[in-house]
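Structural features, examined
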Amino acid sequence: SCVISNASVGIRGNRATVALDDCRVYENVIGAHLTGCALDATASTFSRSDNLGMYLSGGSGTITDCVFDGNVSAGLWCDDYASHGIMRSSFTNTIDGSGLICYRYSNAAIDTCTMSLNAGHGALVHTSSPSFNACTITDNSLNGILCRRLSTSTVCWTTISGNTIGVAAESGAFPNLGDEINENTGNNSILDNLTAAVANYSSGEFPLQIRGNWWGTAPPAGRIFIGYVRYWPYLQAPPESGIGGRDLVEHEEPMPSMFRLGHSSPNPFNPVTSVDYDIPIGGGSVDIAVFDVAGRRIATLYSGHHDPGTHRVTWDGRDSRGRSVASGIYFVRLDAREFSASRKMVLLK
C-alpha cells in the first residue's frame, strides 16, 4: 500500500511491471502515467488530480475495485492500444470531462463498473471498441456513452439512465447494443435520459443495432430514438441480472400510413426544442433541416434513409458549424418523396 500526493506525476512507469494494492493517489497533476506497462491495480483510489487520475499508453493488465473520483479532465484515459480488463471500478465526479476515455485502439473489457455524475460523458470512446458488461452509467451531464470514429463497442446487461443521451454514435461509429447474433449484446436498460435513449448521428443509410433491450415501457414510448436504429424485438420488462429472462416483443406498434411533421415543443424555446415526425410503411430518404426567415439553411438535423415509424429530432439552437444562433424566427422543414412540410419555431434568449 502507498499514499502519493502533491506531485506532478504521482506514479510514472515505462515498460515496467506495476503492482498497486490499496494505494491512495490524490491531488497530483496526473495520478499515474504508465507507458507500455503490465499493470495490476487493486483496491486503489485515484482522486482530485488537476488533470487525469490515470493515463495508460499501451500495455495490458487489470484494474479491479479501484476508484477514480473528482479528477478534472478524466478519471482514466486509455490510449495507443492499451488493453486492460477493468472490473468493479468507479469513474465519478469528473469536474470538466469524462469518467473514462478509450482512445486509439484501446479495447478494454469493462465489467461491472460505474460511470456517474461526470461533467462530460460517462464514457468517451474514440477509434476504439471496448466492451461494456453489467455496468451502471447514470446522471452524466452529456452522454452516457459517446462513440466516435469507427467504434464498434458492444454493450450488454448495462443500465444507462439520467444522461442527456444514453448512447450516441457519430463520425462513422456503430456501437452494438443488441443484435440477434452476438450474445455479448442486448439486455440493457436504457431509460429516463433527457433528450434520447439512443442517437445515430453516424449514418442515415445504416442502422444502429439496439435490439433486445428495455426502454422503460413496452412498446418504447416518447419517441426516444434519433436517427436510423433497429430496436425490435424489445424487452417487455427489465432484464434479469443473469442469463435468460428475455421476454421479447417482435415488432413495434402499427406503422404510420403517411408522412407527417409535428409542431416543435417547447415553442418558444431556449436553447433546445424537439419535433416529432412520421415515416410511413416502406420508409425512404428524408431531409430535415432548419432555415432562417431568409430561407438560408442553418442546420441539418437528419438526412438519409429512414425506417418507418414515429420519430423525434432535436435542435439545440446551433448552426452547422456548432455556433449558437441569434434569437428569432426559424423554420424546421421535412422533405421526402412527394412530401414537404415546415413548422415555425421561435428562439428566445
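Heads up: these notes are all about the structure in this document. (Residues numbered from 1 in each chain as written. Predicted model: local features only at pLDDT ≥ 70, side-chain atom pairs only at ≥ 80, totals over all residues. Heavy atoms only, no water.)

Okay, the pairing of strand β9 (residues 60-64) next. Regular strands show a simple pattern: their side chains alternate between the two faces of the sheet. Bridge count between strand β6 (residues 38-42) and β9: five bridges; the pairing is parallel. Paired with Thr42 across the strands is Thr64, a residue of β9. (Pairing = 2+ DSSP bridges. Helix = DSSP H or I, 4+ residues; strand = E, 2+ residues; numbered from the N terminus.)

Another point: the pairing of strand β33 (residues 284-292). Buried residues dominate β33, accounting for eight of its nine residues. Note that β33 and strand β34 (residues 297-306) share eight bridges and pair antiparallel. Bridge assignment links Val290 to a residue of β34, and that residue is Ala299. A loop of four residues connects β33 with β34, the two strands running antiparallel in sequence, and Gly295 in this loop sits at a positive phi of about 85°. Here β33 pairs with strand β36 (residues 328-336) via six bridges, running antiparallel. (Buried < 20%, exposed > 50% of the residue type's maximum accessible area, 1.4 Å probe, protein only.)

Within this structure, the stated rule accounts for 13 salt bridges. In this structure, Asp80 engages Arg104 in a salt bridge whose closest nitrogen and oxygen atoms are separated by 3.2 Å. Of the two residues, Asp80 sits in the loop between β11 (74-79) and β12 (83-87) while Arg104 sits in the loop between β14 (98-103) and β15 (109-111), which places them 24 residues apart along the sequence. Residue class for Asp80 comes out partly exposed when judged on its relative accessible area of 32%. Judged by relative accessible area, Arg104 falls into the partly exposed class, the value being 35%. Asp335 serves as the salt-bridge partner of Arg333, at 2.9 Å between the closest nitrogen and oxygen. The partly exposed category is assigned to Arg333, whose relative accessible area is 31%. (Salt bridge = Lys/Arg side-chain N within 4 Å of Asp/Glu carboxyl O.)

Attention now goes to the environment of His263. Of note, His263 is situated in the loop between β31 (260-261) and β32 (273-279). Residue His263 is classed as exposed on the basis of its relative accessible area of 62%. Spatially, the C-alpha atom of His263 lies 7.1 Å from that of Asp276, the residues being 13 residues apart in sequence.

On to the environment of Glu27. By the element assignment, Glu27 lies in the loop between β4 (24-26) and β5 (30-35). On a C-alpha basis, the gap between Glu27 and Gly70 in space is 9.7 Å, while along the polypeptide they are 43 residues apart. Ignoring sequence-local partners within four residues, the contact set of Glu27 consists of Ser5, Asn6, Ala7, Ser47, Arg48 and Ser49. (Contact = heavy atoms within 4.5 Å.)

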